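Chain by chain, the residues run as shown.
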Amino acid sequence: MRRARVSTAAFLFGIGLGGLLEGIVLREVLHWQPPGSASAWLDLALWLAVAVGAVFLLSAFRAPGRMPSERGFAACVLMGWGGFNVMQGIVGRWILDLDHVRQLPSFMEAYDWGLLGLSVLVFLVGWSLRDPRDPYPLSDRRSGTDRRLGSMLHQ
């Protein structure tokens, strides 16, 4: 239970931090995107993802079970980061045509493809860093009996 909560928290941190970093860099630092109300709502949703991740992480301190390794935590952060940016690229940029990586001074589609490729790479790096002892970090939802049996088998 603890490992699943920490892994879920890491995944949510990756979603929030990756999305917020992209928004801050593209809108505020590079000025490639115009400020708008839709981006403000997305930033709020990303902030909420980080806040929910913090709640999961705090609840993991009281949960039974072992903690994931640092490598497993980093893997979940990178998978959340890359996964969110891939979904935003496909849904937000191509299906809904909401925003693009570089809109100002002119739209350049190569930047959209470049960020999508980089996001897939970040996700794959996270996937490759997964803890080999924990092949399914987000699905550790077992009953108390299963946990006790599992811990007795690993002693």
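As the structure is a computational prediction, the values presented were derived from the model and not from experiment. (Residues numbered from 1 in each chain as written. Predicted model: local features only at pLDDT ≥ 70, side-chain atom pairs only at ≥ 80, totals over all residues. Heavy atoms only, no water.)

Caption draft 1: A look at the confidence of the model for the chain. Counting all residues, the mean pLDDT for the chain is 83, and 85% of those residues have values of 70 or more. For the chain, helix α5 (residues 144-153) is the element with the lowest average pLDDT, namely 53, and helix α4 (residues 109-128) is the one with the highest, namely 94. (pLDDT = per-residue confidence, 0-100. Helix = DSSP H or I, 4+ residues; strand = E, 2+ residues; numbered from the N terminus.)

Caption draft 2: Structural detail: the nonpolar core. Formed by Leu12, Ile15, Leu46, Ala49 and Phe84, the largest nonpolar core amounts to five residues. For this core, the secondary-structure elements that each account for two or more residues are α1 (2-29) and α2 (37-60). Those residues in contact with Ala49 that sit more than four places away from it in its chain are Leu12, Ile15 and Gly16. (Core = buried A, V, L, I, M, F, W, Y, C linked by side-chain atoms within 4.5 Å. Buried < 20%, exposed > 50% of the residue type's maximum accessible area, 1.4 Å probe, protein only. Contact = heavy atoms within 4.5 Å.)

Caption draft 3: Representation of the environment of Pro64 in the model. Along the chain, Pro64 turns up in the loop between α2 and α3 (70-95). The sequence separation of Pro64 and Arg3 amounts to 61 residues, and the corresponding C-alpha distance is 8.8 Å.

Caption draft 4: Geometry of the packing of α1 against α3. Contact pair α1 / α3: the axes reach a minimum separation of 7 Å and the direction vectors enclose 50 degrees. When the axes of α1 and α3 are compared, the pair comes out oblique. Judged by the sense of rotation from one axis to the other, the crossing of α1 with α3 is right-handed. On α3, the residues that touch Val6, Ser7, Ala10, Phe11, Phe13, Gly14, Ile15, Gly18, Gly19, Leu21 and Glu22 of α1 are Phe73, Cys76, Val77, Met79, Gly80, Trp81, Phe84, Asn85, Gln88 and Arg93. (Axes fitted to C-alpha atoms, helices over the stretch in contact; angles between N-to-C directions. Parallel < 35°, antiparallel > 145°, perpendicular 65-115°, else oblique. Left-handed = near helix turned anticlockwise from the far one by under 90°.)

Caption draft 5: Up close: the pattern of salt bridges. Tallying each qualifying case throughout the model produces three salt bridges. Of the charged contacts, one joins Arg93 and Glu22 as a salt bridge, the two residues approaching to 2.3 Å between their closest N and O atoms. Of this pair, Arg93 sits in helix α3 while Glu22 is found in helix α1, placing the two residues 71 residues apart along the sequence. Arg93 gets classed as buried once you look at its relative accessible area, which sits at 2%. (Salt bridge = Lys/Arg side-chain N within 4 Å of Asp/Glu carboxyl O.)

Caption draft 6: Just the packing of aromatic side chains, in detail. One pass over the structure, following the stated rule, counts three aromatic pairs. Judged by centre distance (4.8 Å) and plane angle (45 degrees), the rings of Trp94 and Trp113 are tilted. Note that Trp94 is positioned in helix α3 and Trp113 in helix α4, a separation of 19 residues in sequence. We note Arg130 situated over the ring of Trp127; from NZ or CZ to the ring centre the distance is 3.8 Å. (Phe/Tyr/Trp six-rings, centres within 6.5 Å; stacked < 30°, edge-to-face > 60°. Lys NZ or Arg CZ within 6 Å of the ring centre and 35° of its normal.)

Caption draft 7: Structural context of the layout of surface pockets. By volume, the second largest pocket amounts to about 330 Å³. Counting residues per element, the ones that place at least two in the lining of the second largest pocket are α2 and α3. Among the elements that make up the lining of the second largest pocket, the one with the highest residue count is α3 (five residues). Partitioned by chemical class, the residues of the lining of the second largest pocket number eight nonpolar, six polar and two charged. (1 Å grid on protein atoms, 1.4 Å probe; cavity = no way out; pocket = protein on both sides within 12 Å on 5 of 7 lines; lining within 4 Å. Points joined across faces, edges and corners; volume = space filled by probe spheres on them. Nonpolar A, V, L, I, M, F, W, Y, C, P; charged D, E, K, R; others polar.)

Caption draft 8: Quick look at α4. Here α4 contains 20 residues, and its C-alpha end-to-end distance of 29 Å stays within 8% of the 28 Å for a straight helix at 1.5 Å per residue. Residues Asp112, Leu115, Leu116, Ser119 and Gly126 constitute the buried set of α4. The buried residues of α4 occupy one face: seen down the axis, they fall within an arc of 100 degrees. Exposed residues pointing more than 90 degrees away from the buried face of α4 are listed as Ala110 and Trp113. Contacts from the buried residues of α4 go to α1 and α3. (Expected span 1.5 Å × (residues − 1). Arc of directions from axis to C-beta.)

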